[in-house]
Amino acid sequence: LQATITTDCERRMLKALDRLGVKAQLVSSTGNNIVVVQSDVSTMPTHMFSQIDGVAKVVRLAPTCPLVTDGELSTVTVQIGSTDNGRGGTTVSIGNGEPRAVIAGPCSVESLEQFLNIAEAVKESGATMLRGGAFKPRTSPYEFAGLGKEALAYLSEAKKLTGLPVVSEIMSVRQLELSIEHIDVLQIGARNMYNYELLKEAGLTGKPVLLKRSMSATVDEFLHAAEYILVTGNENVILCERGIRTFEPRLRNTLDLSCVALLKATTNLPVLVDPSHATGRRDLVRSMSRAAIAAGADGLLIEVHMEPEKSISDAEQAITPRELALIVDDSRAISEALNLVIETATARAGGLGSKLMSACP
Ligand code: PEP
Ligand code: MN
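Residues numbered from 1 in each chain as written. Chains lettered and ligands numbered in written order. Predicted model: local features only at pLDDT ≥ 70, side-chain atom pairs only at ≥ 80, totals over all residues. Heavy atoms only, no water.

A. Structural detail: the pairing of strand β9 (residues 209–212). Neither face of β9 is exposed, since Val209 and Leu211 on one face and Leu210 and Lys212 on the opposite face are all buried. The pairing of strand β8 (residues 185–188) with β9 spans three bridges and is classified as parallel. From the neighbouring strand, leucine 186 faces β9, where its bridge partner is valine 209. Of the crossover connections in this fold, the one passing from β8 over helix α6 (residues 196–204) to the parallel β9 is right-handed. For β9 and strand β10 (residues 237–241), the ladder comprises four bridges, and the chain directions are parallel. By the bridge assignment, valine 209 is partnered in β10 with valine 237. Following the backbone out of β9, through helix α7 (residues 219–230) and into the adjacent parallel β10, one traces a crossover that is right-handed. (Buried < 20%, exposed > 50% of the residue type's maximum accessible area, 1.4 Å probe, protein only. Helix = DSSP H or I, 4+ residues; strand = E, 2+ residues; numbered from the N terminus. Pairing = 2+ DSSP bridges. Right-handed = clockwise from strand over helix to strand, strands pointing away.)

Below you can see the structure in the form of structure tokens.
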């Protein structure tokens, strides 16, 4: 409230809040007049409060994306079932202390032969899911934009062959409809994180959605995009940090690992890191993968190709299946080391606790 306010204005303001169905209480402290709102107003726009006569500033203490931050932290595990693969299928879990998920495959599906070869190779390297772009968002309209529908059939073939679930990007509701029977996880890419209609439609399918952070999105915008999916009743949302644009021109993007730690500390959703798009350089993918797992990521999304330099799209960042195998081993080793440190610390704290207990009869 404004520092000096008449009792009449106070009364009118509380009345205005009451009309909105909001419970509030007036508190005066060190010369400031503060109205504490006790009701859940997370879904009410801020301007409904700021436009009330006498209000100088609105400060929210609770988040405006309640579903993303609901419940305990990092507790959601997304189960991904590979359907219709003729082999009984594999179920993969992402999040909440499950073994680290590694989603790997080429940037684009280039041909049936290429995709089946790479699918088998990445499975052999320890990947838990396949990726491959059928519809590609490209900066220039003259660049290869994916094989489209034809690629969707190849994704299904690869799923049959390996039993691994597949992830692929959709950029429109029409592509979503075409893809739905072929893919297990709908990827919404950086360029479409702000496409709210697409987020809602993807949410309504009930399928797991892998949501990538836009290259220029704040964490708050990212979380609200996830909220759009969750509010449809679909709880299967996986967040993915893929690098943001900064002033640094030497790398394709800047991998924001503090965002990963922040997401793990403030949301209940699984978090992946894409070190391929984050760096744009194959020689940096392994070290950034290690750093991502150490920062708490639940898994990785990596571009892999049998002959990386011949990739039709994103050739500079593709790695070989052999390098992927090293990353899978690194991820396991780092996760185990971190768990060991946590167990040791807990055991030490327990020992200390019992010593203190015995010192206090
Ligand atoms: C991708 O994963 O293929 C992709 C296009 O990534 P992004 O949306 O992060 O650019
Ligand atoms: Mn790519």
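Having put the structure on the table, let's press on.
B. How the structure looks around the site of ligand 1. The local shell around ligand 1 consists of Arg131, Lys136, Pro137, Glu169, Gln187, Gly189, Ala190, Arg191, Lys212, Arg242, His277 and Glu303. In this structure, an oxygen atom belonging to ligand 1 sits 2.9 Å away from a side-chain N or O atom of lysine 136. Protein chains bury 97% of the 290 Å² of accessible surface belonging to ligand 1 in isolation. In terms of residue class, the shell around ligand 1 is made up of two nonpolar, three polar and seven charged. (Near = heavy atom within 4 Å. Polar contact = N/O pair within 3.5 Å; in protein donor to acceptor, adjacent residues only side chain to side chain. Areas by Shrake-Rupley, 256 points an atom, 1.4 Å probe, with all protein chains shown as cover. Nonpolar A, V, L, I, M, F, W, Y, C, P; charged D, E, K, R; others polar.)

C. How the structure looks around the sheet that holds β8. Around the barrel, which closes on itself, the eight strands sit in the order β5-β6-β7-β8-β9-β10-β11-β12 with parallel pairing between neighbours. Sheet twist, expressed as the mean angle between neighbouring strand axes with direction ignored, is 25°. Against the sheet, α7 touches β9 and β10, its axis set at about 160° to β10. The strands touched by helix α10 (residues 282–294) within the sheet are β11 (271–273) and β12 (299–303), with β12 carrying the most contacts at an inclination of about 165°. (Axes fitted to C-alpha atoms, helices over the stretch in contact; angles between N-to-C directions. Contact = heavy atoms within 4.5 Å.)

D. Here's a closer look at the pattern of salt bridges. Summed over the entire model, instances satisfying the criterion amount to 17 salt bridges. In this structure, glutamate 143 and arginine 138 form a salt bridge, with 3.8 Å as the shortest nitrogen-oxygen distance. The exposure class assigned to arginine 138 is partly exposed, which follows from its relative accessible area of 25%. Among the ionic pairs, arginine 281 bridges to aspartate 283, the shortest N-O distance being 2.6 Å. A relative accessible area of 37% means that arginine 281 is categorised as partly exposed. In this structure, a network of salt bridges that share partners links the residues Asp8, Arg11, Arg12 and Asp53. (Salt bridge = Lys/Arg side-chain N within 4 Å of Asp/Glu carboxyl O.)

E. Here's a closer look at the pairing of β12. In terms of burial, β12 is largely enclosed, as five of its five residues are buried. Side chains of β12 alternate between two faces, with Gly299, Leu301 and Glu303 and Leu300 and Ile302 buried alike. Where strand β5 (residues 101–105) meets β12, five bridges bridge the pair, whose relative direction is parallel. Across the sheet, valine 102 pairs through a bridge with leucine 300, a residue of β12. Relative to β12, β11 is paired through two bridges, and the arrangement is parallel. By the bridge assignment for β12, valine 273 is matched with leucine 300.

F. The arrangement of the packing of α6 against α7 in detail. Where α6 meets α7, the closest approach of the two axes is 7 Å, and the angle between their N-to-C directions is 40°. In terms of axis orientation, α6 runs oblique to α7. In the packing of α6 onto α7, the handedness of the crossing is right-handed. Residue-level inspection shows Tyr196, Leu199, Lys200 and Gly203 of α6 in contact with α7, the latter providing Ala225, Tyr228 and Ile229. Of the residues belonging to the contact of α6 with α7, the class tally is five nonpolar, one polar and one charged. (Parallel < 35°, antiparallel > 145°, perpendicular 65-115°, else oblique. Left-handed = near helix turned anticlockwise from the far one by under 90°.)

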